[in-house]
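In case you want the letters, here they are:
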Amino acid sequence: MDNLLSKIEAQLPPEVVGLLRTAGEMAQREGQRLYLVGGVVRDLLLGRPNLDLDLVVQGDAPRLARLLAKASGEKPVVHSQFGTGKFRHGSLSIDVATARSETYPRPGALPVVTPATIEDDLLRRDFTINAMAIDLGVASFGQLLDPCGGRSDLEQRLIRILHDGSFVDDATRILRALRYEQRLRFRLEERTEKLLCQHATMLDTISGDRIRHELELNLMEDHPERVLRRAVELGVLQAIHPSLRGNGWLAQRFQHARQLGPPDPALYLLLLVYHLGDDDLEEVALRLNVSGQVRRSMRQVQRLRQALDALTEPDLPRSGIHRLLKAYSPAAVTACALACDSPVTRSRLMLYLDELRHVKPCLDGDDLKRLGLQPGPPLGRMLQALLRAKLDGKVSSRKEEEALVRQRLRHN
Ligand code: ATP
């Protein structure tokens, strides 16, 4: 059996190794067997940094989480009904779960769970590369459990499901498969790919919240456009909604989005739905059960997209750009700036985002009252006039604003 002790010691910080050893000892004293599982094992073998520690115990996870939290001087969060616990250790958050097996009463349903051995727990997982565990027992610390051939698939750079019904049981695995494939630059194993295409329609069995969650995780990857392109190639995006596309246009926009700042899944989502018509947009929003705020942003993008022509007018003053865009959220303006084809329109949208939307007159309502205006619509109009003048460079100081107010009052 493989022992990963040297990899563990080389790749994990000493305090994490210490924590794992202590946890293993503690579990052993309780007569329980403890394992490190899932993504961190995969990434240890790949040499990729990962401190997302998931522990599985053949025994009582809530009790062990309480003991480990106490030893770290922290409070655990325990869900006895699910047989899980979580505790913090410095900046780390560690999950402990009771080893379990799962059966799916029908496709897409949440699984029925029963306590089981570590082997059963690994057999319920999504892909071979995620179905490995490291023994944390005192004498066996570092030993790899690999019942499904995960290590060999890592070496061959393959994403492989554990049984033919895997995507039917839980079609979220379809989106997970594409995520790992593109993140790790692996390939779907041949049969896995065939079954994934065949069962893409099983995504219909998954609730909007779960689909959206997986899609958002995919959009949080370093290169989400690769995942979407692959999703189109395999008919997955179309299975979520036939109007969705993940083509070269989208890839280019995603790359530009990253140049503007840290990757933002919400912005990617707005770009993904940029070209959709009214009905498709509403259907996608409903299918993904997006929040009211996201739905409003999606509708704003669509409205602004249809109003972009007004921004190409040759002599449009800065105040005109402001007037056309002020009703839209920065997210909607950013999405349109990234998506539109006209350089003039794009530079005006960016001007609004970077500069114009932050411009405020020096004078406020109180100042205007001191200058003799009564509260009410004329005061609001005066503030607008001041803003326009400032945007267009006609006033650039408090003094000049006061002079403008006095001049307008004289003319009224
Ligand atoms: P990441 O690096 O993306 O966080 P991860 O492997 O840690 O990857 P999680 O989503 O945190 O992924 O899940 C932890 C583990 O739980 C996975 O490695 C996998 O073994 C298992 N798992 C998660 N989701 C599923 C699923 N839908 N079906 C089966 N097993 C799953």
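The structure under discussion appears in the preceding block.
Residues numbered from 1 in each chain as written. Predicted model: local features only at pLDDT ≥ 70, side-chain atom pairs only at ≥ 80, totals over all residues. Heavy atoms only, no water.

**Quick look at the overall build of the chain**
Then, in step 1: Within the chain, the regular secondary structure consists of 22 helices and eleven strands.
Then, in step 2: A compact globule built from 412 residues would reach a C-alpha radius of gyration of about 22 Å, whereas the chain, at 28 Å, exceeds it by more than 25%.
Then, in step 3: Across its three principal directions, the C-alpha atoms of the chain cover 90 × 50 × 40 Å.
Then, in step 4: By residue count, 48% of the 412 residues in the chain fall in the buried class. (Helix = DSSP H or I, 4+ residues; strand = E, 2+ residues; numbered from the N terminus. Rg over C-alpha atoms; globule rule 2.2 N^0.38 Å. Buried < 20%, exposed > 50% of the residue type's maximum accessible area, 1.4 Å probe, protein only.)

**As for a positive patch on the surface**
Then, in step 1: A grouping of Arg323, Lys326, Arg388, Lys394 and Arg408 is seen on the molecular surface, where their side chains present a positively charged patch.
Then, in step 2: Arg323 sits in the exposed class, given a relative accessible area of 52%. (Patch = residues over 30% accessible without salt bridge, like charges linked within 9 Å, V, L, I, M, F, W, Y side chains within 5 Å. Areas by Shrake-Rupley, 256 points an atom, 1.4 Å probe, with all protein chains shown as cover. Salt bridge = Lys/Arg side-chain N within 4 Å of Asp/Glu carboxyl O. Lys, Arg positive; Asp, Glu negative; His and termini not counted. Charge placed at Lys NZ, Arg CZ, Asp CG, Glu CD.)

**As for helix H9 (residues 190–198)**
Then, in step 1: Looking at H9, one finds that the buried residues are Thr192, Leu195 and Leu196. Projection of H9 onto a plane perpendicular to its axis shows the buried side chains occupying an angular sector of 105°, all on one side.
Then, in step 2: Of the surrounding elements, those touching the buried residues of H9 are strand S10 (158–159), helix H7 (166–169), helix H8 (172–184), strand S11 (187–188) and helix H12 (236–240). (Arc of directions from axis to C-beta. Contact = heavy atoms within 4.5 Å.)

**Considering the sheet that holds strand S3 (residues 77–79)**
Then, in step 1: Strand order across the open sheet formed by seven strands is S3-S4-S5-S2-S1-S8-S9, with mixed pairing between neighbours. What marks the edges here is a single partner per strand, and that holds for S3 and strand S9 (144–145).
Then, in step 2: Bridging between S3 and strand S4 (residues 84–89) involves three bridges; their strand directions are antiparallel. Bridged to His79 within S4 is Thr84.
Then, in step 3: Of the strands in this sheet, strand S1 (33–37), strand S2 (54–58), S4 and strand S5 (92–98) touch helix H2 (residues 14–29), which is tilted by about 150° from S1.
Then, in step 4: Against the sheet, helix H4 (residues 61–71) engages S1, S2, S3, S4 and S5, with an angle of about 15° to S4. (Pairing = 2+ DSSP bridges. Axes fitted to C-alpha atoms, helices over the stretch in contact; angles between N-to-C directions.)

**Examining helix H3 (residues 39–46)**
Then, in step 1: Counting buried positions over the eight residues of H3 gives seven, a clear majority of the element.
Then, in step 2: On its buried face, H3 is in contact with helix H1 (5–11), S1, strand S8 (133–135), S9, helix H6 (150–156) and H8.
Then, in step 3: A positive backbone phi angle near 75° is found at Gly47, which sits one or two residues after H3.

**Things to note about the nonpolar core**
Then, in step 1: Judged by nonpolar contacts, the single largest core of 106 residues is most densely connected at Leu20, Leu36, Leu53, Ile134, Leu196, Val236 and Leu349.
Then, in step 2: Among all residues touching Leu36, those that are not within four sequence positions of it are Leu20, Val41, Leu53, Asp54, Leu55, Met132, Ala133, Ile134 and Leu136. (Core = buried A, V, L, I, M, F, W, Y, C linked by side-chain atoms within 4.5 Å.)

**A few points about the site of the ligand**
Then, in step 1: The environment of the ligand is made up of 15 residues, and the closest members are Arg42, Arg125, Asp170, Arg173 and Arg183.
Then, in step 2: The side chain of Arg42 places a nitrogen or oxygen atom 2.9 Å from an oxygen atom of the ligand.
Then, in step 3: Here the ligand loses 76% of its free accessible area of 590 Å² to cover by the protein chains.
Then, in step 4: Taken together, the elements giving at least two residues each to the shell around the ligand come down to H3 and H8.
Then, in step 5: The dominant element in the shell around the ligand, judged by the number of residues it contributes, is H8, at five residues.
Then, in step 6: In terms of residue class, the shell around the ligand is made up of one nonpolar, four polar and ten charged. (Near = heavy atom within 4 Å. Polar contact = N/O pair within 3.5 Å; in protein donor to acceptor, adjacent residues only side chain to side chain. Nonpolar A, V, L, I, M, F, W, Y, C, P; charged D, E, K, R; others polar.)

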